[in-house]
Amino acid sequence: MGSTLMRTLNDKSALKNGLLQIGHISHFSLLLIVFAAIMPPVQAQTWQFTDITTLAGFNYQHGITSLPGRNLDNERFIIGSGVAAGDYDNDGWVDLYVVRGDIGANLLFRNRGDGTFEEKGTAAGVDLSGIISAGPLFADFDGDGYLDLFVGGVGGLGISTPNLFRNRGDGTFEDITPALGLGLLNNSFSATAGDYDRDGDLDLYVSHWIQGGNASVGSLFQNDGSASFLDVSIASGLLNQTDSDFTANFADINNDNWPDILLAADFGDSRIFINNQDGTFSNTTDPAVITDENGMGAAIGDYDNDGDLDWFVSSIWDPNGVAEANWGVSGNRLYRNRGDGTFEDATDAAGVRQGYWGWGSCFMDFNNDGHLDIFHVNGFKLSAGDLRPQEFFSDPSRMFIANGDATFTEQSVALGVADGHQGRGIVCFDYDQDGDIDIFVANNQESPILYRNDGGNDLHYLDVKLNGTAPNTEAIGAKIYATIGGVTQMRELRAGSNYASQNPVVAHFGVGSATLVDELRVVWPSGEITTLTNLSVDQRVTLPVSVPVLSWPLGETNGVSPDSASSGETFAFKVIYTSSNHNPPTLTELWIELNDDGSYAENMAAALKSAIIPVQNMGLATEALVMMTMLMLGGISFTRPGHSGRARHRETVVFIVLVGLASLVSGCLHATPGGGAPSLSERFVMTEEDPSDLNYSDGKSYISSMVLNYAGDGTINYTFRFCDQPHCTGSANAIGDPALQNLLTIN
């Protein structure tokens, strides 16, 4: 019961709705109120990223056993690497697949949901070895609801063909490469998936970087619906448009609901291809605007919140201003969408040019202030002893934090992410589901890094995941609009590439200090629109809403054991909750008609009250601890992060005094003579049978046990009420029939 009390004290909604009732306040508690009021202001947590690589279970290294001399294969090996991100086992947590070079087998890290990962590559059948893989991608190519895995490769003709693994749905994969239809495709650095022809399934674009003499092999592959692919590079008009592409992305840049292609490429070859809606593309690149000299990584997002997708391209900025070899020196580019699919160069206005030798990049709101930030990694080396790129041997990663006015401030050192290793692929994702975006870095010939975001969730957020219609089961291409206080943010769901890597298909919105999202509007790939209003923040919304299912334990015919016993004996209630959306329940109640009056208790506050330990029965020391905890949590939650320390102190003091006085009055009004317990409720909170079980899609058990006594005619009605939505107080939002249909007998 102590844990129930502490959970209630930490429930901000309970505090705000006045549901906490303290049955008795002592003089000592009053002293605590006064003491708390004169305390110095509580300092907010410092926003920082923490390296938790080893703690999370990543203990591998990427490496190449033998690098060739100064030739193309050497460069291919040292620029390759990569990581794919997706929930391959459908347990609600994002997993990672990493490539390792040729020093060991590729690895599949399953997210346990407790902050750590376990390696499953061999067990899953995806432990490729003896080759140099690159640019893996998770996507549901066959439309069965499970993410398949594409793995590219580098190293020249005949030794770098890609692999495609079909997800069997049981945690293992089947290698279907022979039926892939990609031919002798070589040097596949990155891949991206999207439904360019809008036939419902996911097609594939593969980036090569200097394919060389094998010009007949293209990049765009059309899915026939069964994860077999047809090379349509010639038919689509894309063949030979560039031979140095690194990072492609499907993105609807002109808002006509047809995926276009943004191609970041080396040697001044970055390109824009507009979808003609007939299976072909037109090159609309304006060379006066698209001027990045060495396009490497890319990020797609609406950084200025004007409703269209902008394009960041990481390139090479040489701090000495001298090109020691065949690379440029002018740095990154930020291309701002004019709203019609054309761009203007906003690099200098935004302040994001100086990025060193950039690779994997992402747009994400790392501090939840409602504005997209930019993170990218860096690094480059050639053969041992070649010092020409020495300024890039340990150049730091860059973190450009949005100022809220379409400009950015570089803060990698202050935030602890100025890593100087050979970064290549990255994943920007909320790996621990605490409401802020963490970062995984896949380095070349070095160990990886997992940065946990600590303090990025001081402000609020909303995550949105879509369950699409098969075969596009992740609703790739959907646009999601979140409106908060008159400002609308937009995200497009993509199985895209940051360079040799991807983010999971989840839309993350930072919403600042707002406590409600005024409107959430989803434009599905089909063009259909779903609109929700007044959504609570700090949650993940999955659409369309799939109603969870309640069932009895295996082999049982009801939810109680025994279903007949003598008065005063213990009855054990148990029900199985299953959510295909992997959503945990927000309401887990057992209703029992204890007094045989023909109805269940309707007072929800009574249920909360019955779950709280009466303070007067806890002793002076425990009471002091509880009161201090409530005051501290209340004061901290009430103050506004954007205010100065002095203002936050005043707000904290005011709130603590108000809470203290309210609690004092409540104690006088609700004190029970002789220290009696609160009145009995007919609604009880059920608890998890196994708290370590975090998979809600395959059935999770909830239990409650209690002593019951004879009442009325000896038959007692009971039912279960569960819900996975933010607002579950009304019967329309909960599953479980409130009718009096389940019976147990007390003799």
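Residues numbered from 1 in each chain as written. Predicted model: local features only at pLDDT ≥ 70, side-chain atom pairs only at ≥ 80, totals over all residues. Heavy atoms only, no water.

**A word on the overall build of the protein chain**
Here is step 1 of the chain: Summing up its helical and strand segments, the protein chain has twelve helices and 45 strands in all.
Here is step 2 of the chain: With 747 residues in all, the protein chain has 56% of them scored as buried.
Here is step 3 of the chain: Roughly 28400 Å² of accessible area belongs to the protein chain as shown, and the carbon and sulfur atoms make up 53% of that amount. (Helix = DSSP H or I, 4+ residues; strand = E, 2+ residues; numbered from the N terminus. Buried < 20%, exposed > 50% of the residue type's maximum accessible area, 1.4 Å probe, protein only. Areas by Shrake-Rupley, 256 points an atom, 1.4 Å probe, with all protein chains shown as cover.)

**As for the pattern of salt bridges**
Pairs can form between side chains of opposite charge whenever their charged atoms are close.
Here is step 1 of the chain: The tally for this structure, following the rule as stated, stands at 18 salt bridges.
Here is step 2 of the chain: In this structure, Arg 110 engages Glu 118 in a salt bridge whose closest nitrogen and oxygen atoms are separated by 2.8 Å.
Here is step 3 of the chain: The exposure class assigned to Arg 110 is partly exposed, which follows from its relative accessible area of 22%.
Here is step 4 of the chain: Asp 304 is paired through a salt bridge with Arg 336; the nearest N and O atoms lie 2.8 Å apart. Taken together, the residues span a long stretch of sequence, with Asp 304 in the loop between strand S18 (298–301) and strand S19 (310–313) and Arg 336 in strand S20 (residues 333–337) at a distance of 32 residues.
Here is step 5 of the chain: Taken together, the salt bridges that share partners define one network made up of Asp 89, Asp 91, Arg 110, Arg 112 and Glu 118. (Salt bridge = Lys/Arg side-chain N within 4 Å of Asp/Glu carboxyl O.)

**Quick notes on empty space enclosed by the protein**
Here is step 1 of the chain: What the rule picks out here adds up to five cavities of 30 Å³ or more.
Here is step 2 of the chain: Lining the largest cavity are 27 residues, with Ile 300, Met 364, Glu 492, Arg 494 and Asn 503 sitting closest to its centre.
Here is step 3 of the chain: Taken together, the elements giving at least two residues each to the lining of the largest cavity come down to S18, strand S22 (358–364), strand S31 (487–492) and strand S32 (507–512).
Here is step 4 of the chain: When its residues are assigned to classes, the lining of the largest cavity shows 14 nonpolar, nine polar and four charged.
Here is step 5 of the chain: Taken as a whole, the second largest cavity holds about 90 Å³ of empty space. (1 Å grid on protein atoms, 1.4 Å probe; cavity = no way out; pocket = protein on both sides within 12 Å on 5 of 7 lines; lining within 4 Å. Points joined across faces, edges and corners; volume = space filled by probe spheres on them. Nonpolar A, V, L, I, M, F, W, Y, C, P; charged D, E, K, R; others polar.)

**Some thoughts on the side chain of Glu 589**
Here is step 1 of the chain: Note on placement: Glu 589 falls in strand S40 (residues 587–592).
Here is step 2 of the chain: The side chain of Glu 589 is buried and forms no salt bridge, while Arg 683, the nearest opposite charge, is found at 4.3 Å.
Here is step 3 of the chain: For Glu 589, the side chain forms a polar contact with the side chain of Trp 591, separated by 2.8 Å. (Lys, Arg positive; Asp, Glu negative; His and termini not counted. Polar contact = N/O pair within 3.5 Å; in protein donor to acceptor, adjacent residues only side chain to side chain.)

**Some thoughts on the packing of aromatic side chains**
The description of an aromatic ring pair uses the distance of the two centres, along with the angle that the planes make with each other.
Here is step 1 of the chain: On inspection of all chains with the given rule, the structure shows 33 aromatic pairs.
Here is step 2 of the chain: Here the aromatic rings of Trp 209 and Phe 246 are separated by 5.5 Å at their centres, their planes lie at 15 degrees, and the arrangement is stacked. Of the two residues, Trp 209 sits in the loop between strand S11 (203–207) and strand S12 (220–223) while Phe 246 sits in strand S14 (residues 245–251), which places them 37 residues apart along the sequence.
Here is step 3 of the chain: Each residue in the set Phe 58, Tyr 60, Phe 109, Phe 117, Phe 429, Tyr 431 and Phe 440 is aromatic and connected to the rest through ring pairs, giving one cluster.
Here is step 4 of the chain: Above the ring of Phe 393, the side-chain terminus of Lys 381 is found at 5.6 Å from the ring centroid. (Phe/Tyr/Trp six-rings, centres within 6.5 Å; stacked < 30°, edge-to-face > 60°. Lys NZ or Arg CZ within 6 Å of the ring centre and 35° of its normal.)

**Some remarks on the state of the cysteines**
In a disulfide, the sulfur atoms of two cysteines are covalently bonded to one another.
Here is step 1 of the chain: This model, assessed by the stated rule, comprises one disulfide.
Here is step 2 of the chain: Paired by a disulfide, Cys 362 and Cys 428 hold their sulfur atoms 2.1 Å apart. Across the S-S bond of Cys 362 and Cys 428 the torsion is about -80 degrees, and the bridge reads as left-handed. Here the residue Cys 362 occupies a position in strand S22, and Cys 428 occupies one in strand S26 (residues 423–429), the gap between them amounting to 66 residues.
Here is step 3 of the chain: Judged by its relative accessible area of 0%, Cys 428 is buried. (Disulfide = S-S within 2.5 Å.)

**Topic: the layout of surface pockets**
Here is step 1 of the chain: Its boundaries defined by the atoms lining it, the second largest pocket holds a volume of some 490 Å³.
Here is step 2 of the chain: In this structure, the second largest pocket is lined by 32 residues; those nearest its centre are Asn 472, Ile 476, Trp 524, Pro 525 and Ser 526.
Here is step 3 of the chain: Broken down by secondary-structure element, the contributors of at least two residues to the lining of the second largest pocket are strand S10 (190–194) and S14.
Here is step 4 of the chain: When grouped by side-chain class, the residues that make up the lining of the second largest pocket number 14 nonpolar, eleven polar and seven charged.

**A look at the sheet that holds S11**
Here is step 1 of the chain: Read from one edge of the open sheet, four strands run S10-S11-S12-S13, paired in antiparallel fashion. Edge positions in the sheet fall to S10 and strand S13 (229–231), since each has one partner strand and no second. Averaged over all pairs of adjacent strands, the angle between strand axes in this sheet comes to 25 degrees, irrespective of strand direction.
Here is step 2 of the chain: In this sheet, S12 lies alongside S11 in antiparallel orientation, the contact comprising two bridges. Opposite Leu 204, over in S12, you have Phe 221 as the bridge partner. (Pairing = 2+ DSSP bridges. Axes fitted to C-alpha atoms, helices over the stretch in contact; angles between N-to-C directions.)

**As for the pairing of strand S33 (residues 516–523)**
Here is step 1 of the chain: Pairing of strand S30 (residues 479–484) with S33 involves five bridges; the strand directions are antiparallel. The partner of Lys 479 across the bridge, within S33, is Val 523.

**Some thoughts on unusual backbone geometry**
Here is step 1 of the chain: A cis geometry characterises the amide bond from Ala 470 onward to Pro 471, with omega recorded as 10 degrees.
Here is step 2 of the chain: Along the polypeptide, Pro 471 turns up in the loop between strand S29 (460–466) and S30.
Here is step 3 of the chain: That bond from Ser 561 to Pro 562 is cis: its omega, -10 degrees, falls within 30 degrees of zero.
Here is step 4 of the chain: Relative to the helices and strands, Pro 562 is located in the loop between strand S37 (560–561) and strand S38 (564–565).
Here is step 5 of the chain: Positioned with a positive phi, Gln 433 is a non-glycine residue whose angle comes to about 55 degrees.
Here is step 6 of the chain: Turning to its location among the elements, Gln 433 is positioned in the loop between S26 and strand S27 (438–443).
Here is step 7 of the chain: A residue is classified by how much of its surface remains accessible, and Gln 433, at 33% relative accessible area, is partly exposed.
Here is step 8 of the chain: Residues other than glycine seldom take positive phi values, yet Asp 538 does so here, at roughly 60 degrees.
Here is step 9 of the chain: Counting through the fold element by element, Asp 538 comes out in the loop between strand S34 (529–536) and strand S35 (539–543).

**Focus on the sheet that holds S38**
Here is step 1 of the chain: Spatial ordering of the open sheet is given by S38-S45-S44-S40-S41, a layout of five strands whose pairing is mixed. Across the chains shown, the open sheet's two edge strands, defined by having one partner strand only, are S38 and strand S41 (683–685).

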